[in-house]
Structure formats: C-alpha cells, structure tokens
Amino acid sequence: MKIFDLIKLPFNKNNPVTVQVLGICSCLAVTAQLKPAVVMALSVTVVVALANLIISLLRNTIPPRIRIIVQLVVVSTLVILVNQILMAFVYDVSKQLSVYVGLIITNCIVMGRLEAFAMSHKPMESLLDGIGNGLGYGVILVILGFVRELFGSGTLWGYPVMEKLGLYKIGYENNGFIIMAPMALILVGIIIWIQRSRNKDLCE
Amino acid sequence: MEYFNIFVKSIFIDNMIFAFFLGMCSYLAVSKTVKTSLGLGVAVTFVLLITVPVNYLIDKYLLSPGALAWISPSLASVDLSFLSLILFIAVIAAIVQIVEMVIEKYSPALYNALGIFLPLIAVNCAVLGGSLFMQQRGYANIGEVTCFALGSGIGWLLAIVGIAAIRERLRYSAIPPALKGVGITFIITGLMGIAFMSFMGIKL
C-alpha cells in the first residue's frame, strides 16, 4: 500500500465512522456544538497516532495472550495525559466533553486500528495510519458539529451567525430538536446514505 | 423509593444507548438476531452489576480526594483521582476475566451461550461509561450505585433486543440499496430514541 493512501483512504472509502462503523459513541455525543467536536477530533487523532506508533514499536515483544491489556495500558496512559492537558488549557470544553474523554480508551477506533494495523506494520506506517484514521473520524465530527450547531442553536463556534444574518427578524426559528440525541443518529444515517449512493461499491 | 427512582430513571430516561450513545459499536455489530443480542445484553448487565459497585468502592476508599484518610490521618491530603481511568479499566478487564473463568467452571451451558461476547465486554464503552457516570453523579451509597448499574444494564438490554427484533423484520422490506444495513439501523435507532424521549421528566 502506498504511503499516501494511508492518509487518504480513511477520508472516504475506508472512513472509520461511516464504513468501518467504529467509534460511534463519542461521535454522536460530543457534536451538539462545533468547538467540543473539534477538540474531541484532535484528542482522538493524537491518541490513535501515538498509540499506533508505540504499539507498533513494541509489537515484537508483546506476548499475544496479554496483548489486549498491554494495549489498554498504553491507551489509558495517553488518554490520561490528554485529559490532564485539556483540563489545564481548555477547562470549559473539557467539562462539556465530560466522560467522553475518558471513553477514548474504549473507543473502538483506537483498539480497532491497534489490532488491525499496528500489530502487523512498521512504526512509520502505523503512525500515518493513526493520523489518517483520526482525521477521517474528525471530518465526520466536524460535519455533524457544524450542522447541529448551525441549525440547532443558530451559532458557529459560539458566534451568532443566524442573528447577524437577520433571519430571526423575518420569522426564522432554531430547530431545537436537532441538538437532541436522536437527531444525531438520524444525521449519521443520512451521511451514510449520501456517501453510499455516491460509492456504489460500499453498499451491502 | 429513591432506589426505585434511580433504577427506573437509568432504564428509560438516562438510557445508555438512546441518551448517551454508549456501547454503540457492539450494539450495531451484534444486533442481527434476537437470540445473540439477548445473550450480549445479559452479559453486559451482569458485568455492569459487578464492576460499577467495585469501582465505587475503589473510588470512595482509594482515589477521591482525602479518601486515604482511613489508613492514616497523614494521608488525608492525597488526591489520586487522576488515576481513576487506568484503575477502572484494569478492574473491568480483570473482573471480565474472572467472571469468564467462574462461569466456565460452574455453568458451562451459560458459558457456551455467552462465549465470544464475554471477552469483548472489557472494551464495551457502556461498561466503562457506567463507572465514569457513577463517579461523576456522586451517588450517596452503594445501594444507589447498584440500582444504577442494574438499571443501565437492563436499559441497554432493552435497546439491543428491540433493534434486533426490528432488524429481523427489515430483511424483508424494500429499502434503498444505499441505505441498507448500517444506514437504516442508525435512522431506526434515532426513531426509537425519539420514542424513549417521551419518558423524560418522569419522577417516581
């Protein structure tokens, strides 16, 4: 596989969320606004990339029987670091993300990439694969965050777009329902629908 | 009465799937038939029921600020809460392993029924999520924590059995090819979530 493909494929043909169906939990829960979605996307990218790199460096020394627990220890160490950094620098976002930062540990993307890729590839390729998958996950998060914040609360990154456009004066109302949990699921369903009708070979 | 309230609340209102999207990965992957999803649901409930109270005791007597005071008063200022993530996941992995061995020894029939699902539960985010919510919401005593754990497990079980029953029927319906499989499952989960929203605000 070409090096470039490692970064490119996760954006479309091998997207972790819409094609591999991994890491759904956090993807839906943190996307009511754009800012936490971006922070979450970056945190996951950092964790996947570094965990892939470390596990790939260790892959020949890990006994296969206990590999899951070794992977969990590496990942939880990285997540604790990310969690402490978020609490130190962006405390308000870290409060919004609440338990979902901790849940990066059991995010299936992380474990999935470790098992499927890092255990059998060289460190450099694994690092790129981690970055590619983290960003592929991030793209979906940003799309969801954008749509849900714009139509749900009429703002983007906290900036009142709809109000500045003067839409409220002519009778526009925010669709509060789109911030609710079920709407996130339906939006992901629609994204999958659009993607699969453009790529027929992804259909089941 | 408080116990019953927490129990009902965690089944219907704070449902793991419809309100917090926890355990979505196995929810989507294993919900093809009612029988297997029932097995996984029972296993998750069982593991939640054991791990959450154990993690509550660990949190209360080892990790939270000043918790070590029962060993000696000089330790009263120690705050180990940053270790909670790694300790929780270690406890979960260990307990899943022990539960697996105990079931294998004393009830081979149940072991065969649950078989492949048991080891997977260690990385199910609903289980770690249960422990993290327990820490965040500050339940008063171990009774409340147990009710919360049992309720969350049963809520997850209801959700996965419900979607599995619907998916068994969906096989015979005419769905656009691009929406088949994952896409329609997301949208139906969203609709089920809307139905569960009607429980919001119930207080017993």
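All of these numbers come straight from a predicted model, not from anything done at the bench.

**Looking at the overall build of chain B**
Now for step 1: Helices and strands together make up the secondary structure of chain B, namely 9 helices and 0 strands.
Now for step 2: For chain B, the sequential pattern of α-helices and β-strands runs α-α-α-α-α-α-α-α-α.
Now for step 3: Its C-alpha atoms give chain B principal-axis dimensions of roughly 70 × 45 × 30 Å.
Now for step 4: Burial statistics for chain B: of 204 residues in total, 51% are counted as buried.
Now for step 5: Pairs at least 24 apart in sequence give 76% of the contacts found in chain B among residues at least 6 apart.
Now for step 6: Counting every atom, chain B has about 9200 Å² of accessible surface; 72% of that belongs to carbon and sulfur.
Now for step 7: Between the mean site of the 11 positive side-chain charges and the mean site of the 8 negative ones, chain B shows a separation of 14 Å.

**Considering the packing of aromatic side chains**
Residues and elements named next belong to chain B.
Now for step 1: Within the structure shown, the criterion is met by 6 aromatic pairs over all chains.
Now for step 2: Here F20 and F133 contribute two aromatic rings whose centre-to-centre distance is 4.6 Å and whose plane-to-plane angle is 50°, an arrangement assigned as tilted. In this pair, F20 sits in the loop between α1 (2-13) and α2 (24-29) while F133 sits in helix α7 (residues 125-137), placing the two residues 113 residues apart along the sequence. Across the pair, exposure class does not vary: F20 and F133 are buried alike.
Now for step 3: On the numbers, 5.2 Å between centres and 35° between planes, the contact of Y139 with F148 is tilted. Like Y139, the residue F148 is buried in the burial classification.
Now for step 4: A connected cluster of aromatic rings, assembled from ring pairs, spans F12, F18, F196 and F199.
Now for step 5: Sitting over the ring of Y106, K105 keeps its end group 5.3 Å from the ring centre.
Now for step 6: The ring centre of F133 lies 4.6 Å from the NZ or CZ of R137, which sits over that ring.

**As for the confidence of the model for chain A**
Now for step 1: When the pLDDT values of chain A are averaged, the result is 83; 98% of them are 70 or greater.
Now for step 2: When the elements of chain A are averaged for pLDDT, helix α1 (residues 3-8) of chain A gives the smallest value, 74, and helix α3 (residues 34-58) of chain A the largest, 90.

**As for the layout of surface pockets**
Now for step 1: By volume, the largest pocket amounts to about 1100 Å³.
Now for step 2: In terms of lining residues, the largest pocket is bounded by 42 residues, among which A:I68, B:P119, B:L120, B:I121 and B:V123 are the most central.
Now for step 3: Looking at the lining of the largest pocket, the elements that each hand over two or more residues are α4 (67-89) and α7 (108-116) of chain A together with α2, α4 (84-106), α6 (117-120) and α9 (182-197) of chain B.
Now for step 4: Here the element with the most residues in the lining of the largest pocket is α2(B); it accounts for 5 residues.
Now for step 5: For the lining of the largest pocket, a count of residues per class yields 26 nonpolar, 9 polar and 7 charged.
Now for step 6: By volume, the second largest pocket is sized at about 530 Å³.
Now for step 7: In terms of lining, the second largest pocket is formed by 19 residues, of which the most central are A:N83, A:M87, A:S98, B:S84 and B:Q135.
Now for step 8: Those elements that place two or more of their residues in the lining of the second largest pocket are α4, α5 (91-97) and α6 (99-102) of chain A together with α4 and α7 of chain B.
Now for step 9: The leading source of residues in the lining of the second largest pocket is α4(A), at 4 residues.
Now for step 10: Among the residues making up the lining of the second largest pocket, the classes are represented as 9 nonpolar, 9 polar and 1 charged.

**Notes on empty space enclosed by the protein**
Now for step 1: In total, this model carries 2 cavities of 30 Å³ or more according to the counting rule given.
Now for step 2: Space inside the largest cavity adds up to approximately 40 Å³.
Now for step 3: Looking at the largest cavity, the residues that line it are A:C25, A:S26, A:Y100, A:L103, A:T106, A:N107 and B:C125.
Now for step 4: Each residue belonging to the lining of the largest cavity can be placed in one class, and the counts come to 4 nonpolar, 3 polar and no charged.
Now for step 5: Its boundaries defined by the atoms lining it, the second largest cavity holds a volume of some 30 Å³.

**Some points on the nonpolar core**
Now for step 1: Core analysis: the biggest nonpolar cluster contains 115 residues, and A:M40, B:L22, B:M24, B:Y27, B:I121, B:W156 and B:F186 have the highest contact counts within it.
Now for step 2: Broken down by element, the residue count for this core peaks at 10 residues, all from α4(B).
Now for step 3: Here B:Y27 is in contact with B:I17, B:F18, B:W156, B:A159, B:I160, B:I163 and B:T189, once residues within four sequence places are set aside.
Now for step 4: Of all hydrophobic cores here, the second largest spans 5 residues; its members include A:L150, A:L156, A:V161 and A:M162.

**Some details on the interface of chain B and chain A**
Now for step 1: The partner chain A presents 40 residues to the 38 residues of chain B that form the contact.
Now for step 2: For the pair chain B and chain A, the summed buried area comes to about 3300 Å², and 83% of that belongs to carbon and sulfur atoms.
Now for step 3: Three residues, B:F21, B:A178 and B:F186, lead the burial of chain B against chain A; their summed loss comes to 20% of the area buried on that side.
Now for step 4: There are 0 salt bridges connecting chain B and chain A.
Now for step 5: At the surface where chain B touches chain A, the tally comes to 1 residue pair in polar contact (both at pLDDT 80 or more).
Now for step 6: For the side of chain B that touches chain A, the secondary-structure elements that each account for two or more residues are α2, α4, α7 and α9 of chain B.
Now for step 7: No other element matches α9(B), which puts 10 residues into the side of chain B that touches chain A.
Now for step 8: Class assignment for the residues of the side of chain B that touches chain A results in 29 nonpolar, 8 polar and 1 charged.

**Comments concerning helix α8 (residues 123-153) of chain A**
Residues separated by three or four positions in an α-helix point in the same direction, a consequence of the helix having 3.6 residues per turn.
Now for step 1: Under the 1.5 Å per step criterion, the end-to-end length of α8(A) is 43 Å for 31 residues, consistent within 8% with the ideal 45 Å.
Now for step 2: A positive phi of about 70° marks A:G154, the residue just after α8(A).

Rules and cut-offs
- Residues take numbers from 1 onward in each chain, read along the sequence in its written order.
- Labels are handed out in written order, letters beginning with A for the chains and numbers beginning with 1 for the ligands.
- Only residues with pLDDT of 70 or above have their local features reported here, since the model is predicted, and side-chain atom pairs are shown and tallied only from 80 upward, although totals for entire chains, interfaces and linings are computed over all residues.
- Neither water nor hydrogens contribute to the side-chain values; these are computed over all heavy atoms in the structure.
- Secondary structure elements follow DSSP: runs of H or I of four or more residues count as helices, runs of E of two or more count as strands, with numbering from the N terminus.
- Under the scheme applied here, a residue whose accessible area is under 20% of the maximum for its type counts as buried, over 50% as exposed, and between as partly exposed, the area being computed with a 1.4 Å probe on protein chains only.
- Between two residues, a contact is recorded if the distance between any of their heavy atoms is within 4.5 Å.
- Areas reported here follow the Shrake-Rupley algorithm with a probe of radius 1.4 Å; residue values treat only the protein chains shown as occluding.
- Charged residues are defined narrowly, with Lys and Arg counted positive, Asp and Glu counted negative, and His plus the chain ends left uncounted.
- Every charge is mapped onto a representative atom, which is NZ of Lys, CZ of Arg, CG of Asp or CD of Glu.
- Ring pairs are drawn from Phe, Tyr and Trp, using the six-membered ring of Trp, whenever the two centres fall within 6.5 Å, and their geometry is named by plane angle: stacked under 30 degrees, edge-to-face over 60, tilted for the rest.
- Sitting over a ring, as applied to charges here, requires NZ of Lys or CZ of Arg to be within 6 Å of the ring centre and within 35 degrees of the ring normal.
- The predictor attaches a confidence to each residue, and that confidence, scored 0 to 100, is pLDDT.
- Buriedness of a pocket was judged along seven lines, with at least five required to meet protein on both sides within 12 Å; pockets are open sets of points on a 1 Å grid over the protein atoms alone, cavities are sets where a 1.4 Å probe fits but cannot get out, and lining residues have an atom within 4 Å of a point.
- Grid points are joined across faces, edges and corners, and a volume is the space filled by probe spheres set on the points.
- Gly falls in the polar group here, along with every residue not listed as nonpolar (Ala, Val, Leu, Ile, Met, Phe, Trp, Tyr, Cys, Pro) or charged (Asp, Glu, Lys, Arg).
- Remark: nonpolar core denotes a set of buried residues (Ala, Val, Leu, Ile, Met, Phe, Trp, Tyr, Cys) joined through side-chain atoms within 4.5 Å.
- When two parts are brought into contact, each loses some accessible area as probed by a 1.4 Å sphere; the total of that loss over both is the buried area.
- Salt-bridge detection follows one rule: a side-chain nitrogen of Lys or Arg within 4 Å of a carboxyl oxygen of Asp or Glu.
- Throughout this description, a polar contact denotes any pair of N or O atoms lying within 3.5 Å of each other; where both atoms belong to protein, one of them has to be capable of donating a hydrogen while the other can accept it, and for residues adjacent in sequence the pair is counted only when both atoms sit in side chains.
- What a helix is expected to span follows from its residue count: subtract one and scale by 1.5 Å.

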